[in-house]
Amino acid sequence: MNKKNILFIATAFSPENAVGSVRTTKIVKFLVRNNYNITVISPKLHNGSSLDYSIECEELKQVGRITVPHSKLFESLLLKKRNKLLEKKSATNFIVNKNKKSLVSTIKSQFYIYVHFIYTILRNLDWTRKVKKQISENIDISCYDAVISSYPSLSAHWISSHLSKKHGLFWIADFRDPINYEANSNAIIIRINTYFQDKIINQSNFSTIVSNDFLKKINFKNKFDTNKLKYIPNGFDTDDLINKEIELDPSKKQLFKICYVGSLYGGKRNLEILFKTIKELINENKIEISKIEIIYAGKEFELLNVLSKKYNLKEILINKGFVSRLESMKIQSNSDLIVIATWNTKFDKGVMTGKLYECLLTKKMVLGIVNGTIPNSELKRVITDINGGIVYEDSALNLTEEYLHFKDYIHEKYNEKEKTGKLTSTYNSTIENFNYSKITNSFINLLNE
């Protein structure tokens, strides 16, 4: 079979230390293994970018990698000011402010939402213009059979739309996230983002979606031909398995370790039920406080610190700060239970955190927490299908029963660790549906069409 030449456009790609880099990098890796020639266009990382080389691999040495910077005008006028603004007020805190009742806080919240939205549009327009210029001057598009674009962000899709219309390139628009999130948004911005999303799906040959509920949300009015919308989840790569674990303090080897690694979205992901449960088990003498740790790695430690003070658990909360993906994987590998949190609302359904797939890789058991108003989340269905742990939903029809199951599961796993020194993995073979080697085959099937 002749090699096919694929142009892959993504604003998150290795070595950027971002969760969005994992899906794009792994798909490219396995496309190369399947005899595809790949050229990746991604932004030139600026000085403030966080780097992580843990998913760099031999296959990427065969990939043509083109990095395109933003314009100097954009960087000097907007990027620096935006970074300073976010130091004072991060986008994740919009949600916290939206929950406040005062008129002043509401106005401030809406102001930051609009500022962030306008900045996002300008950033995407700027990079779109720069990439189009790079392509017209330096790249022979006639050599390529197809283009794959990955969201976020809009610019990757806009550029691919241009190439599809002007050069007739076969186009797969991949959505790692929906464009029209309810979080950090309002009715006007949701309407605008829905327009962008619908237009991209209509123009692409196929659009790939990472969760079934997200796919249903996109097409809830049957706006699109269902044959062009394809569910292709995020996943894991067994090549990432860590062979050497962190050396532990011998005095802590028998500690029952529960970890949460990643963003809390300013409180949108609320872990209070975990602290409440641990405190009750300690008060009931079912857990010894000296034998348990809750480990956090990320940028929002203070949100958990508040909870630890509320439940008088400050001594068991460990802050690792912001870490690389490799360090994150090591923390999870050395924990007994991994907390996975998301939300599920009438508008935002099918929000599947990328951290779930790291659990599938390490085979560690999951403590799922789903905030929101709609029960039977996709996260809960997936965890149940793969027998990977337990999920507590704020919106469960019988909340008391939901809580008791969650509490009993933690107690059961604590006792298992006490007796055997480790927990037994209960995952079944269904997890292989989330292996990136299999996931990439789904993209190959689309490319062959």
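Everything below is about the structure printed above this text.
For clarity, every value in this text was computed on a predicted model and none was experimentally measured.

The topology assignment puts aspartate 225 in the loop between helix H7 (212–218) and strand S7 (229–231). Accessibility expressed as a relative area gives 45% for aspartate 225, which makes it partly exposed. Along the primary structure aspartate 225 and phenylalanine 206 are separated by 19 residues, whereas in three dimensions their C-alpha atoms are 9.9 Å apart.

Ordered by their spatial adjacency, seven strands build an open sheet running S3-S2-S1-S4-S5-S6-S7, and the pairing between neighbours is parallel. The open sheet has two free edges, formed respectively by strand S3 (64–68) and S7, since each of these has just one partner strand. Going from strand to strand, the sheet's axes swing by 20° on average, the running direction of each strand aside. Strand direction decides the pairing type here: strand S4 (residues 146–151) and strand S5 (residues 170–175), joined by six bridges, are parallel. Counterpart to alanine 146 in the pairing with S5 is phenylalanine 170.

Once that is clear, we can look at the nonpolar core. Counting residues in each nonpolar core, the largest one holds 62 residues, and the members touching the most others are Ile258, Leu274, Ile278, Leu356, Leu360, Leu367 and Ile410. A per-element tally of this core places helix H8 (residues 272–283) first, with six residues. When sequence neighbours within four positions are dropped, the list of residues in contact with isoleucine 278 reads Ile258, Ile292, Ile294, Leu313, Ile316 and Ile410. The next biggest cluster of nonpolar side chains, apart from the first, holds 37 residues, and it includes Ile113, Ala156, Trp158 and Leu229.

This brings us to the packing of aromatic side chains. Inspection of every chain in the model, using the stated rule, returns 13 aromatic pairs. With 5.6 Å between their ring centres and 75° between their planes, tryptophan 158 and phenylalanine 196 make a pair best called edge-to-face. In this pair, tryptophan 158 sits in helix H5 (residues 154–167) while phenylalanine 196 sits in helix H6 (residues 187–203), placing the two residues 38 residues apart along the sequence. The same class applies to tryptophan 158 as to phenylalanine 196, namely buried. Among the aromatic side chains, those forming a connected cluster through ring pairs are Trp158, Tyr195 and Phe196.

Cut-off values and rules
- Residues numbered from 1 in each chain as written.
- Predicted model: local features only at pLDDT ≥ 70, side-chain atom pairs only at ≥ 80, totals over all residues.
- Heavy atoms only, no water.
- Helix = DSSP H or I, 4+ residues; strand = E, 2+ residues; numbered from the N terminus.
- Buried < 20%, exposed > 50% of the residue type's maximum accessible area, 1.4 Å probe, protein only.
- Pairing = 2+ DSSP bridges.
- Axes fitted to C-alpha atoms, helices over the stretch in contact; angles between N-to-C directions.
- Core = buried A, V, L, I, M, F, W, Y, C linked by side-chain atoms within 4.5 Å.
- Contact = heavy atoms within 4.5 Å.
- Phe/Tyr/Trp six-rings, centres within 6.5 Å; stacked < 30°, edge-to-face > 60°.

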